[in-house]
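Chain residues, written in single-letter form:
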Amino acid sequence: MFSYAEASVLLPEVRQATDEAYRCVERLAASSGHAAQAEADAIVQAWAQGLLARGLDIKGLWLVDFDNGSGYYCWRYPEERLEFYHSYEEGFGGRMRIQ
């Protein structure tokens, strides 16, 4: 579980890891073939595993949730800051801006 302060401190690391993975996948998207797709899949898998190891929840491609005990602080690449929250039940569609 993460307080808002803890999640905010971790966010630059999450952004950097996500940006690096995203850029690699985008470069591979310009290539065609099974090898490029397999490499892109491996990059996404490594990205997700690295963030899961930090206690984060991966809810989709480039979509990361920080569990706060009553829901999630929700971040999606390329957002600059941690600005959204949603309950456990509502998911991404129920995102609300943090006041």
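Caption draft 1: Main features of the environment of Trp62. Position of Trp62 relative to the elements: it lies in the loop between strand 1 (57-60) and strand 2 (63-67). Overall, Trp62 belongs to the buried group, its relative accessible area being 8%. Once the C-alpha coordinates of Trp62 and Val14 are considered, the two residues, 48 residues apart in sequence, prove to be 9.9 Å apart. If we skip the residues at most four places from it in the chain, Trp62 touches Thr18, Ala21, Tyr22, Val25, Val44, Trp47, Trp75, Arg76 and Tyr77.

Caption draft 2: How the structure looks around the pairing of strand 2. When you tally the buried positions in strand 2, you get five out of five residues, the bulk of the element. What you see with strand 2 is no split at all: Leu63, Asp65 and Asp67 on one side and Val64 and Phe66 on the other are buried throughout. What sits between the antiparallel neighbours strand 1 and strand 2 is a turn of two residues, in which Trp62 has the positive phi angle 65 degrees. Pairing of strand 2 with strand 3 (residues 72-76), which is carried by five bridges, proceeds in the antiparallel orientation. By the bridge assignment for strand 3, Asp67 is matched with Tyr72. Where strand 2 folds back onto strand 3 in an antiparallel hairpin, the turn is made up of four residues, including Gly69, whose phi is positive at roughly 95 degrees.

Caption draft 3: Here's a closer look at the pattern of salt bridges. Going through the model one piece at a time under the given rule, you end up with six salt bridges. For Glu80, the salt bridge goes to Arg15, with nearest N and O atoms at 3.6 Å. Within this pair, whereas Glu80 is found in the loop between strand 3 and strand 4 (84-86), its partner Arg15 is found in helix 1 (residues 4-29), the two being separated by 65 residues in sequence. The partner of Arg23 in a salt bridge is Asp19, with the nearest N and O atoms 2.9 Å apart. Of the two residues, Arg23 and Asp19 are both situated in helix 1; the distance of four residues between them amounts to about one turn of the helix. The exposure class assigned to Asp19 is partly exposed, which follows from its relative accessible area of 23%. Among the ionic contacts, a cluster of salt bridges with common partners joins Arg81, Glu83 and Arg97.

Caption draft 4: Expanded view of the side chain of Asp65. Here Asp65 is to be found in strand 2. Notably, Asp65 is buried but unbridged: the nearest opposite-charge side chain belongs to Lys59, and the N-O separation is 4.2 Å. In this structure the side chain of Asp65 is engaged in a polar contact, spanning 3.0 Å, whose partner is the side chain of His86. Beyond its immediate sequence surroundings of up to four residues, Asp65 is in contact with Leu56, Asp57, Lys59, Tyr72, Tyr73, Cys74, Trp75 and His86.

Criteria and cut-off values
- Residues numbered from 1 in each chain as written.
- Predicted model: local features only at pLDDT ≥ 70, side-chain atom pairs only at ≥ 80, totals over all residues.
- Heavy atoms only, no water.
- Helix = DSSP H or I, 4+ residues; strand = E, 2+ residues; numbered from the N terminus.
- Buried < 20%, exposed > 50% of the residue type's maximum accessible area, 1.4 Å probe, protein only.
- Contact = heavy atoms within 4.5 Å.
- Pairing = 2+ DSSP bridges.
- Salt bridge = Lys/Arg side-chain N within 4 Å of Asp/Glu carboxyl O.
- Lys, Arg positive; Asp, Glu negative; His and termini not counted.
- Polar contact = N/O pair within 3.5 Å; in protein donor to acceptor, adjacent residues only side chain to side chain.

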